[in-house]
Amino acid sequence: MSQEIMAQLEELEKEVLTCRRCGLRAGCQQVVFGEGRPGLFVIGEGPGADEDRLGRPFVGAAGQLLDKILAAGGFDRKTNAYIANVVKCRPPANRIPTAQECAACLPHLKAQLEILKPKIVLLLGATALHAVLQSPLGITRARGIWQEQDGIYFLPTFHPAALLRDPRRKVEVWQDIQNLVAKYREVVDPGHTSPFC
Ligand code: URA
C-alpha cells in the first residue's frame, strides 16, 4: 500500500478514535477501525466481543470463516482485501446497530472508501446492505446481485455468522464468491488467481 494511503488511513483512524457521534463508544472497550490492503473492500456489521477485545475486525468464529471464504477466492487481508464494519464500536450484547448508529458512523466508512477507492465491495449481511446501499430489499433477495453506485460494484452476500447458524447457505455464498472473482478479474486484475475458481 502506498505511503500516501497509509498516512491518510492513519489520519482518519486518529479522528475515528475520538468519535462520540453515537452512544456506542461509551459501552465498548475500543474502536475497531478496520484493516487490510487495497483491492477487495469487505464490509461487515460491527465488532463483536472478540473484535472489541482485540481491536481488529472479524477475528472471532465468523471472522475465521470469513478468512476461509476470502481465501477460496484468492483474497487475504494481508495482501489484497480490506475489512471494515458499518459501525466501529461494539453494540451492547451484540445487538444489531440501530439505523441512527449506522448513519452516525457511515461517514467514517465513506472516508475509508474514499481513501482506498475500491472498484469492488463485498457487503456481508443485511446491516451492510441497508446502511451502504439504502436498499429496501432483504439480504435473501438482494444477495448475488451486483449493484453499481458511483462507479463502484457492490455485491451483497450472507454474513458469515448467518452461515454458522445455517450452513446450507454456504452454497449460495460459494456462487457469490465465484461471481466476485469473475468481476474482480474483469475490472481490477485480469491476472487475479484463486485456488478454487
Ligand atoms: N461480525 C461483524 O459484522 N464484524 C466483525 O468485525 C465481527 C463479526
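Residues numbered from 1 in each chain as written. Predicted model: local features only at pLDDT ≥ 70, side-chain atom pairs only at ≥ 80, totals over all residues. Heavy atoms only, no water.

Asker: Describe the side chain of Asp-52, listing the residues and the values that go with them.
Answerer: Mapped onto the elements, Asp-52 comes out in helix H3 (residues 49-54). Setting aside chain neighbours within four positions, we find Asp-52 in contact with Cys-28, Gln-29, Gln-30, Val-32, Pro-47 and Arg-90. (Helix = DSSP H or I, 4+ residues; strand = E, 2+ residues; numbered from the N terminus. Contact = heavy atoms within 4.5 Å.)

Asker: Please set out the packing of helix H1 (residues 3-17) against helix H5 (residues 99-116) residue by residue, giving values where relevant.
Answerer: One can describe the packing of H1 onto H5 by two numbers: an axis separation of 10 Å at closest approach and a directional angle of 170°. With respect to H5, the element H1 is oriented roughly antiparallel. Contacts between H1 and H5 involve Ile-5, Gln-8, Leu-9, Leu-12 and Val-16 from the first element and His-108, Ala-111, Gln-112, Ile-115 and Leu-116 from the second. (Axes fitted to C-alpha atoms, helices over the stretch in contact; angles between N-to-C directions. Parallel < 35°, antiparallel > 145°, perpendicular 65-115°, else oblique.)

Asker: Before we move on, can you summarise the site of the ligand with the specific residues and values?
Answerer: Residues in contact with the ligand, as listed here, are Gly-44, Glu-45, Gly-46, Glu-51, Pro-57, Phe-58, Asn-85 and His-159. One nitrogen or oxygen atom from the main chain of Gly-46 is found 3.0 Å from a nitrogen atom belonging to the ligand. A distance of 2.7 Å is found between a nitrogen atom of the ligand and a side-chain nitrogen or oxygen belonging to Asn-85. Protein chains shield 91% of the accessible area of the ligand, which is 230 Å² for the free molecule. Taken together, the residues of the shell around the ligand break down into 2 nonpolar, 4 polar and 2 charged. (Near = heavy atom within 4 Å. Polar contact = N/O pair within 3.5 Å; in protein donor to acceptor, adjacent residues only side chain to side chain. Areas by Shrake-Rupley, 256 points an atom, 1.4 Å probe, with all protein chains shown as cover. Nonpolar A, V, L, I, M, F, W, Y, C, P; charged D, E, K, R; others polar.)

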